[in-house]
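Tertiary structure, described
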Amino acid sequence: MSDGKQVLIYDCTLRDGTQGENVSLSVDDKIHIAEKLDDLGFHYIEGGWPGSNQKDVEFFDRAKGLTWKNSKIAAFGSTRHYKNTVEEDPNIAALLEAETPTITLVGKSWDFHVEKALGTTLEENLKMVKESVAYLKERDKEVIFDAEHFFDGYAANPKYAKAVLRTARDAGADWVVLCDTNGGNLPSTVAPLTRQLSPEFPHLGIHTHNDCGVGVANSLAAVEEGVGMVQGTINGYGERCGNANLCSIIPAIELKLEKNTIGKESLKGLTSLAYFVSETANMVLPNNLPFVGKSAFAHKGGLHVSGINKDPKTYEHFDPAAVGNSRRVLVSDLSGRSNLLYKIREFGDLDADDLDLKSLLEHIKQLEYEGYQFEGAEGTLKLLLHRFGKDRVEPFDFKGFRVLVEQDHSGQCVSEASVKVSVGGVIEHTVANGDGPVHALDRAVKKALVRFFPEIEEVRLVDYKVRVLDARRGTAAKVRVLIESRDGHQSWTTIGVSPNVMEASWNAIIDSVLYKLLFASPRRNQKTDTREKTKV
Ligand SMILES: [Zn+2]
């Protein structure tokens, strides 16, 4: 329980989180996420609302049969309906049928909501809280009472809001949780009210939403005022602007407030958890998310990178490894020599003494001016550095390509690409069809090379993005194509820029294949030997 140093983490991703727009999780997804949270030592996992839908009933059925090492699974539901007795209330019965060790009961603490939304009396609502909590306590459940709209309720009728908290506690609730359900309060309200209530309610929790952009700040303010439980979601998923983001709250408590949550060791798994949940929910993780985002420790300005090279503390508030994230240095037209040197060190297999850094930097700036952007295309950047080295030999030589797109009389569109390539003096000419012109081109390139480099077969094109660079020039504008490729071990991104979308795609595809052969294929040298022998 709360000893002032320990803050319990209560995850609502599987219930509140799934109420976020575009967030949808299957029962399998929910089980997988719950297992990850358990691995990392989250104290509570709210599985869902068994009284509200069949998917959540199924989740609890499956969760019953699993072993949870660290987490208590919680079922969520409301206090009994004002028209029902607690024994006959179907929602309360569903909570018990979930067979979880913990039940989280939500109850109204705002007089306006009791009368308007529930349509009952203030007195009856207190009875509903009391009887529901007591009934579950008699059945040996740990009960967490979420006081819905507590801060708004307190502003409207402080006496009543407090009476609701006291009723829940006196009926046996193990925790009472102050909820900013509409997310409309600021830390200047949350902090003093929490401070005032902390002595009377030693087992106090906080549940905030992010409608003012201060969900995390409100949670941290409450922790500083002594709450022992924080509720939130991974990546801040949730209704409207989302719940308070646990991926910010947890490291802030551990690293800034020096209190314990899931522990320093588990903290290192936070970035990977954030990505796992976003992938499972089919959401893109915003790069600028604090602590866990891809850009959280990305340095672009030359001055910043020069500082980072001397000591990372110059531009980082803590070591990214503490949350399992990593430092990145971006190369762009804002870069200096330091960015390039850092990248060369990071790539590992290039030698800075081998490179003419001054002309390389000039070349990069020229390419950026023409529309290239290497921040999202580190594969092409690495190839560029490689090309500037001494005595580099390209594994193959492309002679040209042709793409045909045809619509036949039935309306069906057919794409066909042909490419000509030379490997060690041997010319290969291939043709391939595809679902679209880029697909056909990609297939033709690989078909031409696979005979010489069988590892090409492992490369999959997983993402293709096109951006128009200067829309004002209409169809003569340049386009930037970004391609993400993957083999069984890693992924890399390459770029092409041209006024012609096929030429831009071609350049990005060629770089993708070159990257595989030069940097992503441990068997390359061996393969090169074989090629020499089969040259005839
Ligand atoms: Zn909520």
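See the structure above.
First, a word on scope: everything that follows refers to the structure included in this document. (Residues numbered from 1 in each chain as written. Predicted model: local features only at pLDDT ≥ 70, side-chain atom pairs only at ≥ 80, totals over all residues. Heavy atoms only, no water.)

1. Structural notes on the packing of aromatic side chains
Quick reminder of the rule: Aromatic pairs are defined between Phe, Tyr and Trp rings, using the six-membered ring for Trp, whenever the two ring centres lie within 6.5 Å; interplanar angles under 30 degrees are classed as stacked, those over 60 as edge-to-face, and all others as tilted. Under the scheme applied here, a residue whose accessible area is under 20% of the maximum for its type counts as buried, over 50% as exposed, and between as partly exposed, the area being computed with a 1.4 Å probe on protein chains only. Placement of a charge over a ring requires the Lys NZ or Arg CZ to be within 6 Å of the ring centre, with the centre-to-atom vector within 35 degrees of the ring normal.
Applying the stated criterion across every chain, the model contains 16 aromatic pairs. Residues Phe150 and Phe151 carry aromatic rings whose centres are separated by 5.8 Å and whose planes lie at 80 degrees to one another, so their mutual orientation is edge-to-face. Each member of the pair, Phe150 together with Phe151, is buried. By way of ring pairs, the aromatic residues Phe396, Phe398, Phe401, Phe452, Phe453 and Trp506 are connected into one cluster. The positively charged end of Arg15 is found above the aromatic ring belonging to Phe76, 3.5 Å away from the centroid.

2. What about unusual backbone geometry?
Working note: non-glycine residues mostly have negative phi, and peptide bonds are mostly trans. Filter applied, for reference: Helix and strand assignments come from DSSP, with helices taken as H or I runs of at least 4 residues and strands as E runs of at least 2, each series counted from the N terminus.
A positive phi is found at Asn22, a non-glycine position, where the angle reads about 70 degrees. Tracing the chain through its elements places Asn22 in the loop between strand E1 (8-11) and helix H1 (27-39). Taking the relative accessible area as the measure of exposure, Asn22 reaches 64% and is therefore exposed. Look at Glu258: it is not a glycine, yet its phi comes out positive at around 55 degrees. Relative to the helices and strands, Glu258 is located in the loop between helix H10 (246-256) and helix H11 (264-267). The exposed category is assigned to Glu258, whose relative accessible area is 56%.

3. Here we look at the packing of helix H5 (residues 122-138) against helix H7 (residues 158-170)
For clarity, the threshold we go by: With axes taken as lines fitted to C-alpha atoms, and helix axes fitted only over the stretch in contact, angles between N-to-C directions fall between 0 and 180 degrees. Angles below 35 degrees are treated as roughly parallel, those above 145 as roughly antiparallel, those between 65 and 115 as roughly perpendicular, and all remaining angles as oblique. Take the far helix as the reference: if the near one is turned anticlockwise from it by less than a right angle, the crossing is left-handed, and if turned clockwise, right-handed. Here a residue-residue contact requires only that any non-hydrogen atoms of the pair lie within 4.5 Å. Residue type decides the class: Asp, Glu, Lys and Arg count as charged, Ala, Val, Leu, Ile, Met, Phe, Trp, Tyr, Cys and Pro as nonpolar, and the leftover types, Gly among them, as polar.
Put simply, H5 and H7 touch, their axes get as near as 8 Å, and they point 25 degrees apart. When the axes of H5 and H7 are compared, the pair comes out roughly parallel. As H5 runs across H7, the sense of the crossing is right-handed. Judged by residue contacts, Leu122, Asn125, Leu126, Val129, Lys130 and Val133 of H5 engage Tyr160, Ala163, Val164, Thr167 and Ala168 from H7. When the residues that make up the contact of H5 with H7 are grouped by side-chain class, the tally is 8 nonpolar, 2 polar and 1 charged.

4. Overview of the sheet that holds strand E11 (residues 397-407)
Our working rule: The pairing criterion is simple: DSSP has to find at least two bridges between the two strands.
As summarised here, the arrangement of the 3 strands in space is E11-E12-E13, forming an open sheet in which the pairing is antiparallel. Either end of the sheet is taken by a strand with one partner, and the two such strands are E11 and strand E13 (426-434). Between one strand axis and the next, the sheet turns through 10 degrees on average, direction left out of account. Of the pairings in the sheet, the one linking E11 to strand E12 (residues 413-423) comprises 10 bridges and is antiparallel in character. Considered in E12, the bridge of Phe398 is made with Val421. Against the sheet, helix H17 (residues 437-449) contacts E11, E12 and E13, and its axis sits at roughly 145 degrees relative to E13. Lying over the sheet, helix H18 (residues 501-519) contacts E11 and E12, oriented at roughly 135 degrees with respect to E11.

5. What to know about the pattern of salt bridges
When the charged atoms of two side chains with opposite charge come close together, those side chains can pair. Note the cut-off: A pair is scored as a salt bridge if a Lys or Arg side-chain nitrogen falls within 4 Å of a carboxyl oxygen belonging to Asp or Glu.
Inspection of the entire model under this criterion finds 32 salt bridges. As a salt-bridge pair, Arg195 and Glu225 come within 3.1 Å of each other at their nearest N and O atoms. On the criterion of sequence distance, the pair formed by Arg195 in helix H8 (residues 187-197) and Glu225 in the loop between helix H9 (215-224) and strand E8 (229-232) is long-range, its members being 30 residues apart. Assessed through its relative accessible area of 48%, Arg195 is described here as partly exposed. Notably, a salt bridge pairs Arg451 with Glu428, separated by 2.5 Å at the nearest N-O pair. Separated by 23 residues along the polypeptide, Arg451 in the loop between H17 and strand E14 (460-468) and Glu428 in strand E13 bring together distant segments of the chain. Note on Glu428: relative accessible area 16%, which makes it buried. Here the residues in one salt-bridge network are Arg166, Arg169, Asp170 and Glu200, joined through shared partners.

6. Notes on the nonpolar core
In plain terms, the rule: Take the buried residues of types Ala, Val, Leu, Ile, Met, Phe, Trp, Tyr and Cys, join any two whose side-chain atoms come within 4.5 Å, and each joined set is a nonpolar core.
Judged by nonpolar contacts, the single largest core of 80 residues is most densely connected at Phe42, Phe59, Leu105, Val133, Phe145 and Phe150. For this core, the element with the highest residue contribution is H10, accounting for 6 residues. Residues within four places of Phe42 in sequence aside, it is in contact with Ile9, Asp11, Leu37, Asn70, Ser71, Ile234, Leu246, Ile250, Ile262 and Leu273. Counting 37 residues, the second largest nonpolar core, distinct from the first, contains Phe453, Ile509, Tyr515 and Ala520.

7. Details of the side chain of Asp146
Note the threshold: Neither His nor the chain termini are counted; the positive set is Lys and Arg, and the negative set is Asp and Glu. Pairs of N or O atoms are called polar contacts if they sit within 3.5 Å, as long as, within protein, a hydrogen donor faces a hydrogen acceptor (for residues adjacent in sequence, only side-chain-to-side-chain pairs).
By the secondary structure assignment, Asp146 is in strand E5 (residues 142-148). For the buried residue Asp146, which engages in no salt bridge, the nearest side chain bearing the opposite charge is Arg15, 5.0 Å off. Separated by 3.2 Å, the side chains of Asp146 and Gln231 make a polar contact. If we ignore the near neighbours within four places in the chain, the residues touching Asp146 are Phe76, Thr104, Leu105, Val106, Gly107, Val177, Cys179, His207 and Gln231.

8. What to know about the coordination of the zinc ion
The test is simple: Donor criterion used throughout: N, O or S atom within 2.8 Å of the metal, extended to 3.2 Å for Na, K and Ca. Water excluded; incomplete-looking sites may result.
At the metal site, the zinc ion is ligated by Asp16 (OD), His207 (NE2) and His209 (NE2), and these contacts range over 2.1 Å. All donors of the zinc ion belong to a single chain; written as a sequence motif, their spacing is D-x190-H-x1-H. Comparing His207 with His209, the two get one shared label, buried.

9. Looking at the environment of Leu118
Looking at the secondary structure, you find Leu118 in helix H4 (residues 111-118). It is 21 Å that separates the C-alpha atoms of Leu118 and Glu239, two residues lying 121 residues apart in sequence. Apart from the residues within four sequence positions on either side, Leu118 is in contact with Tyr82, Lys108, His113, Asn125 and Met128.

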